[in-house]
Amino acid sequence: MPSSGALAFVATAAAAAALLVVEPAAADIRQDCNNLFMGGRIDPIVAPGGTASHAHNVAGSSAFGRTVTYESLTAGSCSSCLITADKSNYWHPSLFCAQPGADGEDYYYLLDGGGTTTYYETRGDEYNNVFPEDFRYITGSPTRRNATSGTADDAIAWLCLDYTTENNGRSIGMNQTCSWLRADTHFPVCGLDPATNGDAALYASDQSHVTWARNSDGSINFDGGVCPDTHPYRYASLFVEVYYGASYNDCPLRSDGKPRLVLSTGDPTGFSFHVDFYNGWEIDPATGASVLRGALDQCGANLVNFFDPQNCPYMVNGGFADGTQDQCALDDSSLYDALDASTLKIDSNSKNVGFTDIDLSALPGCNPIRDGPAMAPILPLSYCNLTASSVAASATYVATSSSAAAAATTSSATYGSGSGSGSGSGSGSASASASASTSAAGSGSGSGSGSGSGSYAGSASSSAAAAQT
């Protein structure tokens, strides 16, 4: 992670990306996680017990795995974060360097994850609650490839940390000149009351269990505002900074002008950045309340040196920040086959969990490069593993844009997320050959009506999954 001086820089409006970045006010408590469990297609929120669609970097409880609970996380042997009583897990997309090989095809290698810093803030006029057991939520979306100013998209921004140039602290796009990149994101603060809503307050796959605080004119307020009557239970605010080593020494410029950096979602824009959080704050045996509650109440804004919890007597005397975070390792060592890039050797074409310590010919999972501006639906593995002779090895993926649709009508060897009319809005199975000028029409069922941006455009002589939202 960059030096603590980097923490002094905050975002300004990003003209190129049309992102409104709100400067976080003085934080109450800071959680540094410099020790990351690198990579792997594991996501216990979105894909519990299974394999995630893309690779992540992970921080927090050593009990992280394909399936977790509050009980299992707090039973972990350690935390990779400074406040070791925080057994939560935080995870975000891995970042890859894309470089052309001697054969003209792109190859990808994993870049260093420099750690994360999470600010827990108490804001607004309402009481700021801490998270109940098994509470989890996500900010951002892996399918996003654009931003609309004035919406929740504004919660995410990319900053350049380059201590010797004028770029330092500037809010810019992901593919820029920087020694380090920092992705910033806010989490929603308003939730359902657990006392009256039970498990429904803990998680909803569409994130409807949480929402944003707003100003009187209805605009989102990341640093105050009021929670709506539908979600009256205000949580402490999370503001997360994620660091990536992305200097040109790590990932050189490309002579062909293509983006050199790409997220594990197949995104060269940075708009698909997202962070997942699963609560694992331990209970203080002296009070019976969450250690986070004690930290907010007894440390708060009285901390100095960038709100270092080791300056708070509550943390030090309670042994809640004991300095063991850098030695923390996963309790389930078998997961290192999925998480450690140096131990797992796989055929990159298999799209298995994890990735190798050599350059990959494809990102882990099925994540073709798609630069928008249309949304990029999560794709099934069958999309990347087509073997029909009409989709030859030389086939290329195209961007989900108006030019992509045009390309799809002229080349049967090119396929992607075209914009032609489809069978529903996403899912469907095509049992007939797809027409190059339309999306795959077949016998599959689809939800909704009208055009589907997740459709295939191209000619295929065997059955294929037409789309998946």
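A.B. asks: Describe the overall build of the protein chain, naming the residues involved and giving the relevant values.
C.D. replies: Counting its regular elements, the protein chain contains seven helices and 21 strands. In the protein chain, 69% of the contacts between residues at least 6 apart in sequence involve partners at least 24 apart. Here the protein chain has roughly 18,000 Å² of accessible surface; of this, 50% comes from carbon and sulfur atoms.

A.B. asks: Outline the sheet that holds strand 11 (residues 190-191), listing residues and values.
C.D. replies: The antiparallel open sheet is built from three strands, whose spatial order is 12-11-13. Looking along the sheet, the strands with just one partner apiece sit at the ends: strand 12 (210-211) and strand 13 (233-234). The pairing of strand 11 with strand 12 spans two bridges and is antiparallel. Considered in strand 12, the bridge of G191 is made with V210.

A.B. asks: So, the sheet that holds strand 4 (residues 95-100): which residues are in play, and what are the values?
C.D. replies: Across the sheet, three strands lie side by side as 5-4-15; this open sheet has antiparallel pairing. Pairing within the sheet leaves two strands with one partner each, and these edge strands are strand 5 (106-110) and strand 15 (261-263). Sheet twist, expressed as the mean angle between neighbouring strand axes with direction ignored, is 40°. As defined by bridge partners, strand 4 adjoins strand 15 across three bridges and the pair is classed as antiparallel. Counterpart to L95 in the pairing with strand 15 is L263.

A.B. asks: Just give me the short version of the state of the cysteines, but keep the residues and values in it.
C.D. replies: Enumeration over the complete set of coordinates arrives at six disulfides. Put simply, C97 and C251 are joined by a disulfide, and their sulfur atoms are 2.0 Å apart. Across the S-S bond linking C97 and C251, the dihedral sits near 85°, which makes this disulfide right-handed. Of this pair, C97 sits in strand 4 while C251 is found in the loop between strand 14 (237-245) and strand 15, placing the two residues 154 residues apart along the sequence. Among the residues examined, C251 registers a relative accessible area of 0% and is labelled buried. Shown here is the disulfide that connects C299 with C312, its sulfur atoms set 1.9 Å apart.

A.B. asks: Describe the pairing of strand 4, and please don't skip the residues or the numbers.
C.D. replies: Here strand 4 lies mainly inside the structure; five of its six residues are buried. The pairing of strand 4 with strand 5 spans five bridges and is antiparallel. Looking at strand 5, one finds that A98 is bridged to Y108. As consecutive antiparallel partners, strand 4 and strand 5 are separated by five residues, and within that stretch G104 has a phi angle of approximately 85°, a positive value.

A.B. asks: With reference to specific residues and values, describe the side chain of S141.
C.D. replies: Here S141 is to be found in the loop between strand 7 (136-140) and strand 8 (156-161). Side chain to side chain, S141 and T143 meet in a polar contact 2.9 Å long. Contact partners of S141, with chain neighbours within four places excluded, come to F271, S272, F273 and H274.

A.B. asks: With reference to specific residues and values, describe the packing of aromatic side chains.
C.D. replies: Applying the stated rule across the entire model yields 18 aromatic pairs. Ring geometry for Y137 and F187: centres 4.5 Å apart, planes at 35°, overall tilted. With Y137 in strand 7 and F187 in the loop between strand 10 (180-186) and strand 11, the pair connects residues that are 50 residues apart, well separated along the chain. Exposure remark for F187: the relative accessible area of 2% places this residue in the buried category. Cluster of aromatic residues (ring-pair linked, three or more members): Y90, Y120, F131, F135, Y137, F187, Y233, Y235, F277 and W281.

Procedures and definitions
Residues numbered from 1 in each chain as written. Predicted model: local features only at pLDDT ≥ 70, side-chain atom pairs only at ≥ 80, totals over all residues. Heavy atoms only, no water. Helix = DSSP H or I, 4+ residues; strand = E, 2+ residues; numbered from the N terminus. Contact = heavy atoms within 4.5 Å. Areas by Shrake-Rupley, 256 points an atom, 1.4 Å probe, with all protein chains shown as cover. Pairing = 2+ DSSP bridges. Axes fitted to C-alpha atoms, helices over the stretch in contact; angles between N-to-C directions. Disulfide = S-S within 2.5 Å. Buried < 20%, exposed > 50% of the residue type's maximum accessible area, 1.4 Å probe, protein only. Polar contact = N/O pair within 3.5 Å; in protein donor to acceptor, adjacent residues only side chain to side chain. Phe/Tyr/Trp six-rings, centres within 6.5 Å; stacked < 30°, edge-to-face > 60°.

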